[in-house]
2 protein chains.
Amino acid sequence: MNISLAWLPADEFTRILNGIEDPHDRSRAFADASRINTLYSIMRAGSGHLGSSFSAADTVAWLLLHEMRSPFGPDGDIYFSSKGHDAPGLYASLIGLGALPEEKLHRLRRLGGLPGHPDVSIPHMHANTGSLGMGISRAKGMILADRLAGVNRRIYVLTGDGELQEGQNWEALAGAVHHAMGELTVIVDHNKIQSDTWVADVSDLGDLEAKFRAFGWGVLRCDGNSARELDTAFRLRHKEHSGMPAVIIADTVKGAGAVTFAATSMPAGEWRYRFHSGAPATDDYVSAHQELLASLNSLLSRHGLAPAELSVADVALPVKATGPQLPQVYGRALVERALSDDRIVALDADLVLDTGLIPFSETLPKRFFECGIAEQDMVSIAGGMASRGLLPFVHSFSCFLHARPNEQMYTNASEHRKIVYVGSLAGLIPAAPGHSHQAVRDISALGAIPGLVVVEPANSAATEAALDFCIASESSTYLRLVSTPVSAEAEALGAEPLTVGRGRVVRSGGTAMAIGSGPIVLTQLMRAARLLAAEGIELTVVDLPWLNRIDSDWLADVTAGTDELFVVENHYTHGGQADLIARTLLERGSEKVPAFCGIGLTEVPKCGTEAEVLDAHGLSAEQLAKRFQARIRLSTHH
Amino acid sequence: MNISLAWLPADEFTRILNGIEDPHDRSRAFADASRINTLYSIMRAGSGHLGSSFSAADTVAWLLLHEMRSPFGPDGDIYFSSKGHDAPGLYASLIGLGALPEEKLHRLRRLGGLPGHPDVSIPHMHANTGSLGMGISRAKGMILADRLAGVNRRIYVLTGDGELQEGQNWEALAGAVHHAMGELTVIVDHNKIQSDTWVADVSDLGDLEAKFRAFGWGVLRCDGNSARELDTAFRLRHKEHSGMPAVIIADTVKGAGAVTFAATSMPAGEWRYRFHSGAPATDDYVSAHQELLASLNSLLSRHGLAPAELSVADVALPVKATGPQLPQVYGRALVERALSDDRIVALDADLVLDTGLIPFSETLPKRFFECGIAEQDMVSIAGGMASRGLLPFVHSFSCFLHARPNEQMYTNASEHRKIVYVGSLAGLIPAAPGHSHQAVRDISALGAIPGLVVVEPANSAATEAALDFCIASESSTYLRLVSTPVSAEAEALGAEPLTVGRGRVVRSGGTAMAIGSGPIVLTQLMRAARLLAAEGIELTVVDLPWLNRIDSDWLADVTAGTDELFVVENHYTHGGQADLIARTLLERGSEKVPAFCGIGLTEVPKCGTEAEVLDAHGLSAEQLAKRFQARIRLSTHH
């Protein structure tokens with residue numbers, strides 16, 4: 001579907017900034033203009049964090065236009081967002097100020113464009129964020145380095161309010177006081193809504209001012225959507241709290257600037273905010289755009305300026321893939337199993353929607369535990385529950401589940417407790433949010449935990465089978481779930497009952513074999529097999545859902561007669577399935593081992609569309625077919 | 001050296017408890033008696049956390065004797081220590097109450113005895129701790145499970161004060177308020193000293209009462225070494241804060257109960273507390289024992305009881321190994337390098353002594369940053385520093401460095417910053433502290449981080465070479481350092497300049513080869529080679545210090561002509577050097593690959609002496625020689 005999307009060229013920003021002398025109105029107009037372009041870029045990308053970008057827009061405008069000293073100079077003040085969700089808003093502002101190339105506006109979440117979360121390869125991005133709670137610590141490191149270098153610079157860090165549930169924030173506060181970091185100002189974008197719903201319902205922040213004060217910080221509070229109040233707050237910050245770290249709690253509205261998106265417009269009783277990370281529907285886009293434009297034009301007219309001159313792009317909106325999503329399949333299946341198994345409880349870290357837990361939370365509310373953005377706490381809670389006989393299912397995005405509470409998972413394992421960890425959004429795809437959200441190191445990071453079996457189902461039927469395994473097994477399990485819709489090819493593979501370490505042939509071919517797991521890899525392998533077949537080369541495809549266990553006899557059987565063996569991974573090449581298969585083959589010590597080639601990621605994953613990024617990392621069907629073919633031909637040639 | 005050590009049999013505890021009616025004096029006498037046995041068990045073990053056991057003894061006594069309802073019954077109240085260091089004190093108390101077998105007192109930190117930190121395999125140990133900051137979360141999980149089961153039980157958790165620097169504690173507080181956890185009481189053993197020195201000097205806790213209050217908790221404070229004040233505090237806890245979680249900040253003295261060990265006896269200007277984790281010198285033992293006995297006997301006499309009747313054991317004190325310790329070698333070398341390289345800064349997480357950083361902190365105090373027990377904060381600070389051009393060296397015990405800040409390390413890597421991580425106390429040995437401190441999963445957990453090279457030197461010379469590599473390399477590095485003294489055999493191997501992925505033959509033998517890294521493995525391999533030589537079997541030994549990089553050509557060269565290849569790891573079998581070597585051999589696809597056998601840990605590491613534990617896990621020279629021999633004979637036989 002094509003749609004006309006409007007955006008504001010950089011020279012219009014220049015006209016606005018030059019034309020409005022009043023600092024507050026200048027900041028207001030700039031924020032409105034930035035919001036117009038933020039909305040444009042998110043619509044064009046098909047996803048992006050709109051609500052946070054809008055709530056923070058006035059703070060960002062005030063910082064860049066008035067508060068910061070030389071924000072783009074070599075030793076100038078630094079601003080970055082710790083949550084990083086609000087990147088689209090910051091990009092729009094930087095483009096408006098000429099600090100980023102204008103053409104990047106059209107390339108949000110695209111390969112070589114602007115990543116979904118900040119990356120330091122983009123000018124004026126000072127920290128890779130998106131993984132929550134690290135910003136204050138990062139700023140402290142910058143300040144200590146600046147002091148050693150004799151650079152006098154201020155650092156401004158924006159955090160979310162939900163983000164403050166992460167323990168690292170509180171860990172970080174003490175050192176800033178110890179070092180009397182007057183250079184450091186934290187602004188809490190207190191929009192009251194975290195990814196799923198109201199912060200107060202997830203894990204109430206309580207008296208935030210008292211908390212920061214108790215940790216020794218200077219505390220100010222203001223309306224974070226008011227240029228005038230922000231102005232006052234920053235003045236007071238320097239006047240009343242110089243020589244010490246200070247926080248400005250900026251009360252904002254998620255989606256501020258457009259009634260359409262404003263959390264304050266949510267109907268009474270509605271718990272779910274709809275504009276956290278997806279692109280709005282066309283109607284919502286149109287009405288919000290008109291609101292923003294009217295607000296901007298009214299400011300321009302007040303200062304005697306002509307209305308904004310928009311550029312219009314006729315854009316094909318990204319096509320949404322269809323097909324079942326494994327977290328949702330899993331979530332429904334979990335409810336079924338839990339209804340007849342009282343031991344089962346579910347824990348979530350503020351991703352009840354994306355981990356498929358809404359049915360569970362509604363059907364079994366007393367056995368559902370929302371832990372907030374506090375993965376370490378959640379995993380240790382699960383350990384305590386397991387020690388009293390429950391069977392906890394622990395959920396988050398894989399990126400946040402395999403690394404942050406890694407030591408807590410190991411400690412649970414050292415007690416030989418049975419716990420099921422469910423990591424959704426696993427693997428390289430979707431690639432639009434960027435590397436903070438792409439879990440391509442989870443098998444390696446968890447694979448050596450004793451008694452923990454890592455399993456990745458390839459489709460809906462396999463997800464149900466894997467869940468049954470998780471419940472019946474004596475082992476703990478890490479269930480690795482890809483979140484994007486499963487292709488028809490992968491769905492058609494169905495499933496058979498699972499036996500640990502054993503896979504199954506899902507396409508019989510010649511003496512070349514490719515082994516993989518999960519819907520992304522198996523889809524690409526089945527397509528690659530068809531491409532090769534067209535060239536007269538037959539490829540056997542094996543679905544092996546076990547990522548850190550293998551049945552050596554099965555492997556020997558299935559690879560008998562294979563000349564070329566490929567293992568393809570939606571994961572870094574280190575510490576995954578290819579390592580395990582290679583070692584097992586070598587340890588068996590059979591006379592004839594196939595030629596072996598493991599394929600996976602070798603660098604930090606790129607941001608972009610699914611097709612772009614699979615191709616860029618050599619994991620698309622086309623790239624794989626080429627690579628297979630080259631090796632097969634070579635070996636035939638010998 | 002043999003020494004007479006005295007301990008108090010369990011029937012003496014019974015006599016004391018039955019003979020003193022006054023609850024405060026009963027608790028005091030019980031605490032003194034427990035301290036006598038704690039001291040005994042630590043002296044006999046040769047190490048153990050004396051200072052914390054003593055500071056917490058009065059709290060533990062009061063809880064077990066008076067406060068807890070049915071502490072040993074199936075649905076009775078639960079007490080556990082989140083820091084877990086104080087395990088020797090708790091063991092002594094439980095033995096005194098008949099809740100643990102008396103003979104265990106003689107087996108602290110021994111195989112099959114009482115582990116250095118709690119393990120749930122020991123009766124009445126409710127959580128595996130030692131890894132800090134998890135206790136409050138664990139207790140919350142127990143409470144939520146109890147509520148579902150309809151069990152009405154209170155949970156008491158002891159935390160350290162230094163431990164509160166860990167962010168997970170603050171993450172955990174909110175949920176306890178949200179769930180109105182009146183069942184939960186946290187006692188802070190506020191002894192003011194963390195492992196190295198005064199908490200206030202490391203990372204001041206500030207106004208601890210205000211912090212807990214700001215988080216919504218009930219707060220009480222008392223002298224935690226006074227039975228009378230503890231009595232009052234617990235009464236008030238239930239009276240004034242029922243239906244909500246509460247903390248009792250128990251002001252204690254580290255080493256309380258014996259002037260010899262009391263932190264209050266430290267000379268003015270002395271910064272280092274000497275009785276955190278090692279066994280005291282004989283003189284200190286004798287004087288403290290006499291003090292404790294005099295205090296106990298004075299209480300007994302006040303209540304008309306005969307003096308305590310001690311049993312005496314004539315004990316051979318554990319022999320301390322001699323040899324250079326790599327963290328100390330490293331620490332001195334780092335100062336040398338840093339004097340001529342301004343980019344180098346050092347960060348520590350409260351282990352300045354054990355990570356070898358005292359020379360650095362004294363020589364370059366402005367470039368030394370003590371971050372406290374806050375590993376995530378430390379790693380993100382390092383990321384901030386690296387982004388401003390510094391070269392941060394980040395230190396902790398490997399167990400705390402590879403897992404807790406795992407996501408922070410990955411985020412730093414995603415920015416392609418160069419950082420050096422130095423994990424000491426790596427591997428299975430020393431095995432006395434127990435599994436929380438045995439880092440045998442670090443290669444797996446870190447190995448897939450892009451751009452991070454994992455290297456483990458085998459001796460002093462190799463440590464210097466590895467440090468030079470860390471500085472010169474474009475990659476980030478994780479330097480894996482064993483902490484126990486390096487054997488003369490390993491030290492004699494010397495070092496050659498390092499090339500990534502290449503090792504060297506340190507003993508030439510026949511067609512059987514064993515590859516390994518680090519002083520523990522290489523010592524055992526050299527000894528195993530001698531044992532085999534005595535049987536007429538020659539073994540080639542290769543030192544390969546690279547754990548996630550390998551030079552395929554070198555590997556092919558060095559293994560050419562090898563029939564049997566063993567890879568031995570001071571690590572779990574998954575995700576380490578053996579996987580890498582096997583895959584590389586298979587991917588090379590040479591016609592003739594050697595028979596391959598990887599040997600490493602397959603279960604949670606055991607606690608005990610070095611000799612006991614290496615043997616129990618099949619990693620001692622004797623066990624390895626047997627295993628090598630069996631396979632070599634088998635293959636010769638074929």
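Residues numbered from 1 in each chain as written. Chains lettered and ligands numbered in written order. Predicted model: local features only at pLDDT ≥ 70, side-chain atom pairs only at ≥ 80, totals over all residues. Heavy atoms only, no water.

The next thing to look at is the overall build of chain A. Across its full length, chain A holds 23 helices and 18 strands. Computed over its C-alpha atoms, the radius of gyration of chain A comes to 26 Å, within 12% of the 26 Å expected for a compact globule of 638 residues. Seen through its principal axes, chain A has C-alpha atoms that stretch 80 × 55 × 55 Å. By the burial criterion, 68% of the 638 residues in chain A qualify as buried. (Helix = DSSP H or I, 4+ residues; strand = E, 2+ residues; numbered from the N terminus. Rg over C-alpha atoms; globule rule 2.2 N^0.38 Å. Buried < 20%, exposed > 50% of the residue type's maximum accessible area, 1.4 Å probe, protein only.)

To continue, consider the domain arrangement of chain A. Residue and element names in this part refer to chain A. If you check the domain split of chain A, you get domain 1 (2-316), domain 2 (326-490) and domain 3 (500-637). The centre of domain 1, based on its C-alpha atoms, is set 32 Å off from the matching centre of domain 2. Buried surface at the junction of domain 1 and domain 2, both sides included, amounts to about 1,600 Å², of which 47% is carbon and sulfur. Per-residue buried area on domain 1 facing domain 2 is highest for E166, D196 and V202; these three make up 29% of the total on that side. Its salt-bridge partner being E166, residue R404 comes within 3.5 Å of it at the nearest N-O pair. (Domains from an automatic or database assignment. Buried area = accessible area lost by both parts, 1.4 Å probe. Salt bridge = Lys/Arg side-chain N within 4 Å of Asp/Glu carboxyl O.)

Now for the sheet that holds strand β10 (residues 391-397) of chain A. Think of a sheet as strands paired side by side through backbone hydrogen bonds, with each pair either parallel or antiparallel. All names here are of chain A. What the six strands build is an open sheet, ordered β9-β8-β10-β11-β13-β12; its pairing is parallel. Among the strands making up the open sheet, the edge pair consists of β9 (368-370) and β12 (452-455). Neighbouring strand axes in the sheet, compared pairwise and without regard to direction, differ in orientation by 20° on average. Sheet contacts for helix α17 (residues 460-472): β8 (344-348), β10, β11 (420-424), β12 and β13 (476-480); angle to β13, the most-contacted strand, approximately 160°. (Pairing = 2+ DSSP bridges. Axes fitted to C-alpha atoms, helices over the stretch in contact; angles between N-to-C directions. Contact = heavy atoms within 4.5 Å.)

It is worth spelling out the nonpolar core at this point. With 184 residues, the main nonpolar core has L184 and F628 of chain A together with F628 of chain B as its most contacted residues. Setting aside chain neighbours within four positions, we find F628 of chain B in contact with A514, L525, A528, L532, L539, F566, V568 and I599 of chain B. With 94 residues, the next largest nonpolar core counts V420 of chain A together with L326, L364 and V542 of chain B among its residues. (Core = buried A, V, L, I, M, F, W, Y, C linked by side-chain atoms within 4.5 Å.)

What follows is about the packing of aromatic side chains. Per the counting criterion, the structure on display carries 29 aromatic pairs over all chains. Judged by centre distance (4.8 Å) and plane angle (75°), the ring pair of F469 of chain B and W546 of chain B falls under edge-to-face. Placement of the pair is F469 of chain B in helix α17 (residues 460-472) and W546 of chain B in the loop between β16 (539-543) and α20 (552-559), with a sequence separation of 77 residues. With relative accessibility at 13%, the residue F469 of chain B sits in the buried group. Pairwise contacts between aromatic rings join W170, F212, F215 and W217 of chain A together with W170, F212, F215 and W217 of chain B into one cluster. Against the face of F54 of chain A rests R35 of chain A, its NZ or CZ located 5.7 Å from the ring centre. In this structure, K211 of chain B is placed above the aromatic ring of F215 of chain A, and the distance from its NZ or CZ to the ring centre is 4.1 Å. (Phe/Tyr/Trp six-rings, centres within 6.5 Å; stacked < 30°, edge-to-face > 60°. Lys NZ or Arg CZ within 6 Å of the ring centre and 35° of its normal.)

On to the packing of helix α13 (residues 375-387) of chain A against helix α6 (residues 167-178) of chain B, then. For the pair α13 of chain A and α6 of chain B, the least separation of the axes is 8 Å and the interaxial angle reads 75°. Our classification of the angle between α13 of chain A and α6 of chain B gives roughly perpendicular. Contacts from E375, Q376, D377 and S380 of chain A in α13 of chain A reach Q168, E171 and A172 of chain B in α6 of chain B. A per-class count over the contact of α13 of chain A with α6 of chain B returns one nonpolar, three polar and three charged. (Parallel < 35°, antiparallel > 145°, perpendicular 65-115°, else oblique. Nonpolar A, V, L, I, M, F, W, Y, C, P; charged D, E, K, R; others polar.)

All right, on to the side chain of E166 of chain A then. Mapped onto the elements of the fold, E166 of chain A is located in the loop between β3 (155-160) and α6 (167-178). Overall, E166 of chain A belongs to the buried group, its relative accessible area being 2%.

Attention now moves to the sheet that holds strand β2 (residues 78-81) of chain A. Residues and elements named next belong to chain A. Read across the open sheet, the five strands follow the order β2-β3-β4-β6-β5; overall the sheet is parallel. Each edge of the sheet is formed by a strand with only one pairing partner; in this case those strands are β2 and β5 (218-223). Going across the sheet, the axis of each strand differs from the next one's by a mean of 20°, ignoring polarity. Of the pairings in the sheet, the one linking β5 to strand β6 (residues 246-251) comprises six bridges and is parallel in character. Bridge pairing in β6 links D223 to D251. Relative to strand β4 (residues 184-190), helix α3 (residues 50-67) is tilted by about 150°, and along the sheet it contacts β2, β3, β4 and β6.

Residues and elements named next belong to chain A. Summarising the element assignment, L299 is placed in helix α10 (residues 282-302). Note on L299: relative accessible area 5%, which makes it buried. Taking the C-alpha atoms as reference points, L299 and R633, 334 residues apart in sequence, are found 68 Å from one another. In this structure L299 touches D25, R28, A29 and D32, once residues within four positions along its chain are discounted.

The positions that UniProt labels "domain: Transketolase-like pyrimidine-binding" (unreviewed entry) are, in the present scheme, residues 324-486 of chain A. With 40% helix and 18% strand, residues 324-486 of chain A has its two end C-alpha atoms placed 6 Å apart. (UniProt positions renumbered as here; feature names shortened; annotations may be inferred.)

Any two side chains of opposite charge can pair, given that their charged atoms come close. All names here are of chain A. Throughout the structure, instances matching the rule amount to 78 salt bridges over all chains. E183 is the partner of R147 in a salt bridge, and the nearest nitrogen-oxygen pair spans 2.8 Å. Of the two residues, R147 sits in helix α5 (residues 135-149) while E183 sits in the loop between α6 and β4, which places them 36 residues apart along the sequence. With a relative accessible area of 17%, E183 lands in the buried category. Two residues, E496 and R504, come together in a salt bridge whose shortest N-O distance is 3.9 Å. Overall, E496 belongs to the partly exposed group, its relative accessible area being 48%. One continuous salt-bridge network, built from bridges that share partners, spans K192, E209, R213, R221 and D251.

Residue and element names in this part refer to chain A. For helix α19 (residues 518-534), spanning 17 residues, the distance from its first C-alpha to its last is 24 Å, which sits close to the expected 24 Å at 1.5 Å a residue. Among the residues of α19, G518, P519, I520, V521, L522, T523, Q524, L525, M526, A528, A529 and L532 are the ones counted as buried. One or two steps after α19, the chain reaches G536, where phi turns positive at roughly 85°. (Expected span 1.5 Å × (residues − 1).)

Of note, the bond from I429 of chain A into P430 of chain A is cis; its omega dihedral lies within 30 degrees of zero at 5°. Tracing the backbone shows P430 of chain A in the loop between β11 and α16 (442-447). For K192 of chain A, which is not glycine, the phi torsion reads 70° and is therefore positive. Relative to the elements of secondary structure, K192 of chain A occurs in the loop between β4 and α7 (199-203). A residue is classified by how much of its surface remains accessible, and K192 of chain A, at 29% relative accessible area, is partly exposed. Even without a glycine there, the phi angle at S70 of chain B is positive, about 55°. Locating S70 of chain B in the fold gives a position in the loop between α3 (50-67) and β2 (78-81). The class for S70 of chain B is partly exposed, based on a relative accessible area of 44%.

A few words now on the environment of G224 of chain A. All names here are of chain A. Checked against the element boundaries, G224 lands in the loop between β5 and α9 (227-240). Along the chain, G224 and H106 lie 118 residues apart, while their C-alpha atoms are 28 Å from each other. Leaving out residues up to four positions away in the same chain, G224 has contacts with S55, D58, T59, L230, A250, D251 and T252.

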